[in-house]
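In case you want the letters, here they are:
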Amino acid sequence: MQTSREMSFRAPSISFRAIMEALPSGRQLPDDVWADRHRIIRGLLWIHVVALLVFASLIGNGVLHSLAEVSVVAGAAWFAGVVAIPRQWRAVIASFGLIASSTVLVHLSGGRIEAHFHFFVAVTVIALYQDWLPFAFAIGFVLIEHGVIGVIAPESVYDHQAAIEHPWRWAAIHAGFVAAASAANIAHWRFSETAHRRELDAHREAMQAREQFQTLVEQLPAITYVERLGSNPELTYVSPQVYDIFGYHPSELIGPMERISALIHPEDRGRIVSEFRRASRTGAAFMLEYRYIAASGREVWVRDDAVIIPGRNGEPATRQGVIVDVTETKLLEAQLSHHAFHDTLTNLPNRTLFSDRLHHALDRSARQSSLVAVLFLDLDNFKMVNDSLGHGSGDELLVEVANRIRRGLRAGDTAARLGGDEFTILLEDIASEDEACVVAMRIIDELSVPICLSGHDFSLAASIGIAISHGDVDAEELLRRADIAMYNVKNATKGAYRLYEPAMNTHLLDRVAIERGLRRAIPGGELRLLFQEIVVVILLAPRVPGPARAAEHRLPIVWRRPVGLGIGPDVPVGLVVVAACPAFKEPGMLVAGVG
């Protein structure tokens with residue numbers, strides 16, 4: 001248990017600590033603030049030099065006497081300006097000069113009590129340094145100066161008898177009053193330090209946050225930028241990633257926006273600059289995709305996301321944005337789009353893209369009253385290449401065919417691969433059917449040159465059907481007509497071309513009707529066998545002595561067609577051959593085939 005003596009001993013210690021904590025620490029002024037205040041105080045010293053000279057002259061002192069009186073103050077003003085001296089000691093020198101000015105003024109006034117008020121002003125000015133050393137020096141100087149001079153020449157310090165008789169007592173009183181009068185200065189000094197400390201802490205936290213944010217920004221795989229808006233917009237900040245993406249150092253782009261705007265792709269620049277101006281005027285955020293030209297000359301696709309920050313008046317003040325390199329994404333999109341509309345083997349347009357272009361061509365043809373032609377090309381005997389050399393050689397052949405078709409086209413014509421060995425060609429703005437025939441013949445000639453595959457030369461041939469639009473058909477019908485014309489060539493001569501004629505359509509319809517009817521003939525019981533005479537055939541059997549006899553029975557298959565197919569009532573569609581030869585087979589065994 002603590003005794004009362006221990007408690008009474010600790011109480012002053014706690015009070016002293018509290019007092020020390022309540023006092024300002026000193027020497028916390030920033031260098032620039034201290035330098036400004038020191039310059040003002042030195043200016044006050046030189047003003048005192050002039051003022052004291054004038055005052056000394058007015059009270060009748062001689063020039064030399066007056067100069068001697070102010071020489072100490074002038075010396076302090078000069079030495080306080082020597083930069084080589086540490087700043088705290090320069091503050092002490094300047095403080096000495098101010099207190100010396102007060103001492104000279106009191107001396108010249110004959111110790112008048114009114115002149116002592118100058119000490120209060122001087123100490124208040126010295127407190128601007130917010131440093132205990134010059135402040136304590138000033139208070140101590142007042143005490144010692146009043147005591148010492150009060151003993152040596154009391155009339156020059158005091159103007160009343162009590163002070164003259166007791167100079168040290170009154171020196172202490174004067175020093176105490178000066179110190180007490182400075183309490184408000186010390187309190188302001190403390191508040192200033194607290195405010196400055198808080199400002200420093202806030203500034204330090206802000207700098208740390210800024211450094212953390214800058215570190216984060218500079219680690220992002222994107223460019224961040226800040227633009228100051230106005231009549232002359234300027235790029236005030238751009239992150240270092242601009243060098244990685246565009247190949248330019250930030251210092252090359254900081255400044256007028258024309259510097260970075262000049263890097264925008266010429267085809268995009270007008271649109272993007274207009275969007276920038278619109279957003280700056282309205283304050284709206286935006287997300288734009290466009291291209292820059294990098295320092296290397298390559299195109300860089302970017303996505304620019306930016307927001308407008310208003311100023312104090314509410315008007316758009318700055319634009320802050322993030323630029324992301326989306327070149328790879330754009331290239332991937334282009335590849336996907338290309339694959340969606342092009343044949344992966346030959347790189348020709350596929351059926352979808354060909355159909356789209358054909359629709360547009362027919363629309364233009366209707367407006368301009370021009371002709372459009374479609375050529376449908378099918379390779380002859382392509383299956384033989386696949387079967388004999390394999391699909392790899394077949395693909396190689398298709399690629400070469402695509403290249404030769406391209407060489408046979410006019411500028412602006414479209415060739416497409418529909419699949420397998422089928423190709424289509426779109427000819428726009430042709431003058432006549434003859435022009436389409438010329439292109440078809442040119443392609444046939446290109447394909448007639450032998451192609452070397454796996455060490456073997458193959459001569460190609462293709463059947464081409466041509467359909468001309470006179471504004472009377474749609475895209476699907478025009479393509480169908482070219483297909484019909486191509487099959488007409490293939491069933492006739494191969495290796496040639498033909499123009500579509502309506503009669504080809506009639507023949508095709510008859511063929512389709514027969515095919516469909518035959519699919520229903522067997523389940524419908526519409527096929528029947530007719531018996532014909534027996535033909536005796538002499539066969540040579542090496543292992544059977546003498547001639548062998550075989551009986552062959554030819555039984556034609558006749559289709560009794562349904563009504564409405566446009567053909568005769570009984571149509572021969574095949575032949576069943578039944579043979580019996582005891583010399584070669586077991587007794588009673590028949591060999592039959594259908595032809």
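Above: the structure in question.
Read on for an overview of the structure. Here the structure is a predicted model, which means the values were calculated and not measured. Numbering of residues begins from 1 in every chain and follows the order in which that chain's sequence is written. Predicted model: local features are reported for residues with pLDDT of at least 70 only, side-chain atom pairs are reported and counted for 80 or more only, and whole-chain, interface and lining totals are derived from all residues. By convention in this description, side-chain values take in all heavy atoms of the structure and omit both hydrogens and water.

**Here's the deal with the overall build of the protein chain**
Secondary structure assignment for the protein chain yields 20 helices and 18 strands. Each residue gets one of three labels from its accessible area relative to the maximum for its type: buried under 20%, exposed over 50%, partly exposed in between, using a 1.4 Å probe on protein chains only. Per-residue burial for the protein chain yields a buried fraction of 37% across its 595 residues. Contacts are assigned to residue pairs that have any heavy atoms within 4.5 Å of one another. Long-range pairs, those at least 24 residues apart, make up 57% of the contacts in the protein chain between residues at least 6 apart in sequence. In the structure as shown, the protein chain presents an accessible area of about 33,900 Å², 60% of it carried by carbon and sulfur atoms. Secondary structure elements follow DSSP: runs of H or I of four or more residues count as helices, runs of E of two or more count as strands, with numbering from the N terminus. The accessible surface values rely on the Shrake-Rupley method and a 1.4 Å probe; as for residues, cover is taken only from the protein chains in view.

**Focus on the pattern of salt bridges**
Opposite charge on two side chains lets them pair, provided their charged atoms get close. A carboxyl oxygen of Asp or Glu within 4 Å of a side-chain nitrogen of Lys or Arg is what we treat as a salt bridge. As enumerated under the stated definition, the model contains 24 salt bridges in all. The shortest N-O distance in the salt bridge between Glu234 and Arg228 comes to 2.0 Å. Of the residues examined, Arg228 reaches a relative accessible area of 39% and is grouped as partly exposed. The salt bridge partner of Glu435 is Arg410, with a shortest N-O separation of 2.6 Å. Here Glu435, found in helix 18 (residues 433-448), pairs with Arg410, found in the loop between helix 17 (391-407) and strand 8 (414-419); they are 25 residues apart in sequence, far enough to count as distant.

**Points about the pairing of strand 12 (residues 462-469)**
For strand 12, the buried fraction is high: eight of the eight residues fall into the buried class. Residue alternation in strand 12 divides its side chains into two sets, Ala462, Ile464, Ile466 and Ile468 and Ser463, Gly465, Ala467 and Ser469, and both sets are buried. Strands were regarded as paired on the criterion that DSSP finds at least two bridges between them. Where strand 7 (residues 371-379) lies against strand 12, eight bridges are found, and the strand directions are antiparallel. Following the sheet pairing, Val374 is matched in strand 12 by Ala467. Seen with the strands pointing away from the viewer, any crossover whose path from the first strand over the helix to the second strand runs clockwise is right-handed. Considered for its hand, the β-α-β crossover made up of strand 12, helix 19 (residues 475-492) and strand 13 (residues 497-499) is left-handed.

**Looking at the environment of Ala35**
Inspection of the secondary structure assignment puts Ala35 in helix 2 (residues 31-58). By relative accessible area, Ala35 is classed as partly exposed at 31%. Distance from Ala35 to Tyr129, taken between C-alpha atoms, is 9.7 Å for residues 94 residues apart in sequence.

**Some thoughts on the nonpolar core**
Across soluble globular proteins, you tend to see nonpolar side chains buried next to one another. Formed by 36 residues in total, the largest nonpolar core has its most connected members in Leu98, Ile99, Val123 and Phe135. Within the residue set of this core, elements represented by two or more residues are helix 2, helix 3 (63-79), helix 4 (87-108), helix 5 (117-126), helix 6 (132-152), helix 8 (167-181) and helix 9 (183-219). Among the elements that line this core, the one with the most residues is helix 4, at eight residues. Filtering out sequence-adjacent residues up to four positions away, Leu98 remains in contact with Ile41, Leu45, His48, His118, Ala122, Val125 and Ile126. Counting residues in hydrophobic clusters, the runner-up holds 34 residues, among them Val401, Ala415, Ile430 and Ile443. The criterion is simple. A nonpolar core is a set of buried Ala, Val, Leu, Ile, Met, Phe, Trp, Tyr and Cys residues joined through side-chain atoms within 4.5 Å.

**Quick word on the sheet that holds strand 2 (residues 234-238)**
Strand order in the open sheet made by the six strands is 3-2-1-6-5-4, with antiparallel pairing throughout. Bordering the open sheet on either side are strand 3 (255-256) and strand 4 (286-293), each of which pairs with just one other strand.

**A few points about helix 4**
Between its first and last C-alpha, helix 4 extends 31 Å over 22 residues, near the 32 Å set by a 1.5 Å rise per residue. Buried residues dominate helix 4, accounting for 16 of its 22 residues. Following helix 4 by one or two positions, Gly110 has its phi on the positive side, about 80°. Under the convention used throughout, the expected extent of a helix is 1.5 Å for every residue step, that is, one less than its residue count.

**Some details on unusual backbone geometry**
Across the chain, the bulk of peptide bonds are trans and the bulk of non-glycine residues have phi less than zero. If you check the backbone angles, Gln130 has positive phi at about 50° while not being a glycine. Relative to the helices and strands, Gln130 resides in the loop between helix 5 and helix 6. We note that Ser369 has phi near 55°; this positive angle belongs to a residue other than glycine. Within the fold, Ser369 resides in the loop between helix 15 (351-368) and strand 7.

**Some thoughts on the packing of helix 4 against helix 5**
At a closest axis distance of 9 Å, the pairing of helix 4 and helix 5 adopts a crossing angle of 175°. It follows that helix 4 is roughly antiparallel to helix 5 by the angle criterion. Of helix 5, the residues touching helix 4 (which contributes Ser95, Leu98, Ile99, Ser101, Ser102, Thr103, Leu105 and Val106) are His118, Phe119, Ala122, Val123, Val125 and Ile126. Of the residues in the contact of helix 4 with helix 5, the class split is nine nonpolar, five polar and no charged. Think of each axis as a best-fit line through the C-alpha atoms, taken over the contacting stretch in the case of a helix, with angles from 0 to 180 degrees between the N-to-C directions. Should an angle lie under 35 degrees it is considered roughly parallel, over 145 roughly antiparallel, and from 65 to 115 roughly perpendicular; all remaining angles are considered oblique. Polarity classes work like this: nonpolar for Ala, Val, Leu, Ile, Met, Phe, Trp, Tyr, Cys and Pro, charged for Asp, Glu, Lys and Arg, and polar for all others, with Gly in that last group.

**A few points about the side chain of His265**
Positionally, His265 belongs in the loop between helix 12 (258-261) and helix 13 (266-282). Since its relative accessible area comes to 8%, His265 is described here as buried. Any pair of nitrogen or oxygen atoms within 3.5 Å is treated as a polar contact; in protein, a donor-acceptor pairing is required on top of that, and neighbouring residues in sequence qualify only through side-chain atoms on both sides. For His265, the side chain forms a polar contact with the side chain of Glu299, separated by 3.1 Å. Beyond its immediate chain neighbours, meaning those up to four positions away, His265 contacts Arg291, Tyr292, Ile293 and Glu299.

**Quick word on the side chain of Ser393**
By the element assignment, Ser393 lies in helix 17. For Ser393, a relative accessible area of 8% gives the class buried. Excluding residues within four positions of it along the chain, Ser393 makes contact with Leu453 and Ser454.

**Overview of the sheet that holds strand 12**
Read from one edge of the open sheet, five strands run 8-9-7-12-13, paired in mixed fashion. Either end of the sheet is taken by a strand with one partner, and the two such strands are strand 8 and strand 13. Looking at each pair of strands side by side, their axes are set apart by 20° on average, direction ignored. Where strand 7 and strand 9 (residues 422-430) come together, eight bridges link them in antiparallel fashion. Bridge pairing in strand 9 places Asp378 opposite Glu422. This element, helix 19, spans strand 7, strand 9, strand 12 and strand 13 of the sheet and lies at about 145° to strand 12.

**Looking at empty space enclosed by the protein**
Of the two site types, the cavity is a set of points on a 1 Å grid over the protein atoms alone where a 1.4 Å probe fits but cannot get out, and the pocket is an open set with protein on both sides within 12 Å along at least five of seven lines, each lined by residues with an atom within 4 Å of a point. Grid points are joined across faces, edges and corners, and a volume is the space filled by probe spheres set on the points. Enumeration according to the criterion identifies one cavity of 30 Å³ or more in this entry. What lines the largest cavity is simply Tyr225, Glu227, Leu235, Met257, Ile260, Phe276, Tyr290, Tyr292, Asp304, Arg319 and Ile323. Those elements that provide at least two residues to the lining of the largest cavity are strand 1 (223-228), strand 4 and strand 6 (316-325). Residues of the lining of the largest cavity, tallied by class, amount to eight nonpolar, no polar and three charged.

**Quick look at the environment of Ser95**
Structurally, Ser95 is set in helix 4. With a relative accessible area of 0%, Ser95 lands in the buried category. Taking C-alpha positions, Ser95 is 9.4 Å from Leu45, a pair spaced 50 residues apart along the chain. Not counting residues within four places of it along the chain, the set of residues in contact with Ser95 comprises Ile126, Tyr129 and Pro134.

**Considerations on the packing of aromatic side chains**
Ring pairs shown here join Phe, Tyr and Trp side chains whose ring centres sit within 6.5 Å, with only the six-membered ring taken for Trp; geometry is labelled stacked below 30 degrees between planes, edge-to-face above 60, and tilted in between. Summed over the entire model, instances satisfying the criterion amount to eight aromatic pairs. Arranged with centres 4.8 Å apart and planes meeting at 85°, the rings of Trp78 and Phe79 form a pair that is edge-to-face. Taken together, a centroid distance of 5.3 Å and an interplanar angle of 55° make the contact between Tyr290 and Tyr292 tilted. Since its relative accessible area comes to 0%, Tyr290 is described here as buried. Taking relative accessible area as the criterion, Tyr292 reaches 2% and is therefore assigned buried. Among the aromatic residues, those joined into a ring-pair cluster are Phe246, Phe276, Phe286, Tyr290 and Tyr292. Positioned over the ring face of Phe276 is Arg319, at 5.1 Å from the centre of the ring. Placement of a positive charge over a ring is assigned whenever Lys NZ or Arg CZ falls within 6 Å of the ring centre and within 35 degrees of the normal to the ring plane. Sitting over the face of the ring of Trp301, Lys330 holds its NZ or CZ atom 4.8 Å from the ring centroid.

Read these as spatial facts, not as claims about activity.
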